[in-house]
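Each chain, letter by letter, is given below.
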Amino acid sequence: MNSCDKYGVKQVTLTSSSASIIVDYGQKAAASPTGNHVYTAEDFSPADVLEEKKNWYCLSKLLSEQRAWEMSKSQSYDLCVLCPSLIWGPLTPGQTHLNTSADFIVQYMDGTQKLIQNGSRCVVDVRDVAKAHIVPIEKNVGWGKRYVLFGGAPQFSETAQYIKEALQSS
């Protein structure tokens, strides 16, 4: 971020994560009169809870995003922050490892996940995340804002069935 300021970059689109928004171990739902909470770009995961739970990945995403916001206020560039959910999609040719989000799928493939949970996870296609980084610059929109990126929320059973079919056909 300092380099952006030093070299006169005027606009920065930053990749954060939904981890900086939704990981609160049920606190917001418990505090709600309905027992539910709809997360938006206004929400931030609580740093103290992430530290207490030793959730270093989510804490690092939260703190780095917060620092970027602080720096953007005192430096000469506009900031747009994108917070994608699990990122799935095709690998780049020559890519030698899977991204962190793909670990969720691998657990069904390698047998680590023995039972299919009754639930779902928000996911977004890697190509849509890439496009989302370009839109603020091309359209000159979104500066000073934060966006949650997700394309769907398949049931775990749907994901497992798709993986099963893909493995059987290969």
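Residues numbered from 1 in each chain as written. Predicted model: local features only at pLDDT ≥ 70, side-chain atom pairs only at ≥ 80, totals over all residues. Heavy atoms only, no water.

Side note on the nonpolar core
The nonpolar side chains of soluble globular proteins are, as a tendency, buried together.
Alright, step 1. Among the nonpolar cores identified, the biggest contains 11 residues, and these are Cys 4, Val 12, Leu 14, Ile 21, Ala 68, Trp 69, Met 71, Tyr 77, Leu 79, Val 81 and Cys 83.
Alright, step 2. Where this core is concerned, the elements lending two or more residues are strand S1 (11-15), helix H5 (56-74) and strand S2 (78-84).
Alright, step 3. Not counting residues up to four positions away in its chain, the partners in contact with Met 71 are Met 1, Asn 2 and Tyr 77.
Alright, step 4. Listed in part, the 9 residues of the second largest apolar core include Tyr 108, Val 123, Phe 156 and Ile 163. (Core = buried A, V, L, I, M, F, W, Y, C linked by side-chain atoms within 4.5 Å. Buried < 20%, exposed > 50% of the residue type's maximum accessible area, 1.4 Å probe, protein only. Helix = DSSP H or I, 4+ residues; strand = E, 2+ residues; numbered from the N terminus. Contact = heavy atoms within 4.5 Å.)

Thoughts on the environment of Pro 136
Alright, step 1. With respect to the helices and strands, the residue Pro 136 is situated in helix H7 (residues 126-139).
Alright, step 2. On the basis of relative accessible area, Pro 136 is assigned to the buried category, the value being 5%.
Alright, step 3. Look past the residues within four positions of Pro 136 in its chain and what remains in contact with it is Thr 13, Cys 80, Val 141 and Trp 143.

Observations regarding the sheet that holds strand S5 (residues 146-149)
Alright, step 1. Strand order in the open sheet formed by 3 strands is S1-S2-S5, with parallel pairing between adjacent strands. Sheet topology places S1 and S5 at the edges, where each strand pairs with a single neighbour. Each strand of the sheet is rotated relative to its neighbour by a mean of 20°, with strand direction disregarded.
Alright, step 2. The sheet contact formed by S2 and S5 spans 4 bridges and is parallel. Paired with Pro 84 across the two strands is Leu 149, which belongs to S5.
Alright, step 3. This element, H5, spans S1, S2 and S5 of the sheet and lies at about 165° to S2. (Pairing = 2+ DSSP bridges. Axes fitted to C-alpha atoms, helices over the stretch in contact; angles between N-to-C directions.)

Digging into the pattern of salt bridges
Between side chains of opposite charge, a pair can form when the charged atoms approach closely.
Alright, step 1. In the structure shown here, the tally under the stated rule is 4 salt bridges.
Alright, step 2. Among the ionic pairs, Glu 65 bridges to Arg 146, the shortest N-O distance being 2.5 Å. Of this pair, Glu 65 sits in helix H5 while Arg 146 sits in strand S5, and the two are 81 residues apart along the sequence.
Alright, step 3. The buried category is assigned to Glu 65, whose relative accessible area is 1%.
Alright, step 4. For Arg 146, a relative accessible area of 9% gives the class buried.
Alright, step 5. Ionic pairing is found between Asp 125 and Arg 127, a salt bridge with its closest N-O pair at 2.6 Å. (Salt bridge = Lys/Arg side-chain N within 4 Å of Asp/Glu carboxyl O.)

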